[in-house]
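So you can see what is in the structure, the chains are spelled out below.
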Amino acid sequence: ILAACLYKLQTLKQGGSAVAEMLGAKRVFPGETDEAKRRLLNVVEEMAIAACIPVPKVYVMASEYNINAFAAGLTLADAAVAVTQGALDKLTRDELQGVIAHEFSHILNGDMRLNVQLIGILYGILFLGLAGRKFLSGGRISFRAGIPAVIAGFCLTVIGYLGSFLGRIMQCAISRQQELLADASAVQFTRNPLGLAGALKKIGGAPFGSRIGAPEAGQASHLFFSESHPDALFNFLSTHPPLADRIRLLDPSFDGKYVAISDSRQTPKPQYMFPY
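Residues numbered from 1 in each chain as written. Predicted model: local features only at pLDDT ≥ 70, side-chain atom pairs only at ≥ 80, totals over all residues. Heavy atoms only, no water.

1. So, the pairing of strand S2 (residues 57-61)
Walk down a regular strand and you will see the side chains alternate between the two sheet faces. Rule in force here: Accessible area is worked out with a 1.4 Å probe on protein chains only. A residue is then buried under 20% of its type maximum, exposed over 50%, and partly exposed in between. Secondary structure follows DSSP: runs of H or I at least 4 residues long count as helices, runs of E at least 2 residues long count as strands, and numbering of each begins at the N terminus. Two strands are said to pair when DSSP picks up at least two bridges between them.
Counting buried positions along S2 gives four out of five residues, so the element sits mostly inside the fold. Relative to S2, strand S1 (residues 26-28) runs antiparallel, the two sharing three bridges. Bridging across to S2, Lys-26 finds its partner in Val-60. Bridge analysis of S2 against strand S4 (residues 80-84) gives five bridges, and the strand direction is parallel. Along S4, the bridge assignment pairs Val-58 with Val-81.

Listed below in structure tokens is the structure:
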């Protein structure tokens, strides 16, 4: 487990860029001609000025059509902010500003470093299960190795599921408090709580919420602005506080009605990294 953890941390030593590329995001460079991406760059620059920190690298997850975002990095120098294509297409400027301000608070509060380190720890915990599944998927090769080898693969898989469950609880315990603090800090940056509340209302009204379909997103679910892998059966395994609670803290007049949005490009079948 320790070796797998150290290996994963080594692959993420480049900070936010490594995490963004792991999740399939593409960098947005200054001088971008696309209007939505130019707006994103302008908002990120505004928040960097407000927070008095260097402008982080900006990424877009072009294949994700639900609303979500994340910040990652080990230091201010290697920080990166990423949003989904759905956030670019469906959010107003004020709403996008609220989401970006939320992510900047993770950068300033030191959450992003802890979150990147947590990815490495979770990978180490999951590694035994991944190894067991790989061994059992060998089919004939596994059986040729003998019954003890098959039993060993099965035991590794069971241990992996247990480790995954404990890792998910770890994600939840850390992430929920971070998100509430980040919402409060975002309002301090923007002085506009309704912008952030509007983004959350649109997530609540979307057919697939804020789901992320990237294969590696499961181990990074604690990074995202909103729940990337919701569990309808076990709410206690949610990495984020309930949407309604977050909205009411920002907009006390919230009546429980979300803003209905739709998109034919939405992907209802997110890919999960083992085992969730």
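2. Focus on the side chain of Thr-239
Basically, it comes down to this: Here a polar contact is recorded for every N or O atom pair within 3.5 Å, except that within protein the pair must consist of a potential hydrogen donor and a potential acceptor, and residues adjacent in sequence are included only if both atoms are side-chain atoms. Any pair of residues with heavy atoms lying within 4.5 Å of one another is described as a contacting pair.
Tracing the backbone through its elements, the reader meets Thr-239 in the loop between helix H9 (193-205) and helix H10 (243-250). Of note is the side chain of Thr-239, whose polar atom sits 3.0 Å from the side chain of Glu-227. Of note is the side chain of Thr-239, whose polar atom sits 2.8 Å from the side chain of His-240. The residues touching Thr-239, leaving out its near neighbours within four places in the chain, are Arg-168, Gln-171, Cys-172, Ser-175, Arg-176, Ser-221 and Glu-227.

3. What to know about the sheet that holds S2
Selection rule: Inter-axis angles, ranging from 0 to 180 degrees, are taken between N-to-C directions of lines fitted to C-alpha atoms, where helices are fitted over the stretch in contact.
Strand order in this open sheet of four strands is S1-S2-S4-S3, and the pairing throughout is mixed. Only two strands of the sheet have a single partner each, and these edge strands are S1 and strand S3 (69-72). Between one strand axis and the next, the sheet turns through 30° on average, direction left out of account. Inspection of the sheet shows S3 paired to S4 by four bridges, in the antiparallel sense. Its bridge partner being in S4, Ala-69 is matched across the sheet by Val-83. Helix H3 (residues 35-51) rests against S1, S2 and S4 of the sheet, and its axis sits at about 140° to S2.

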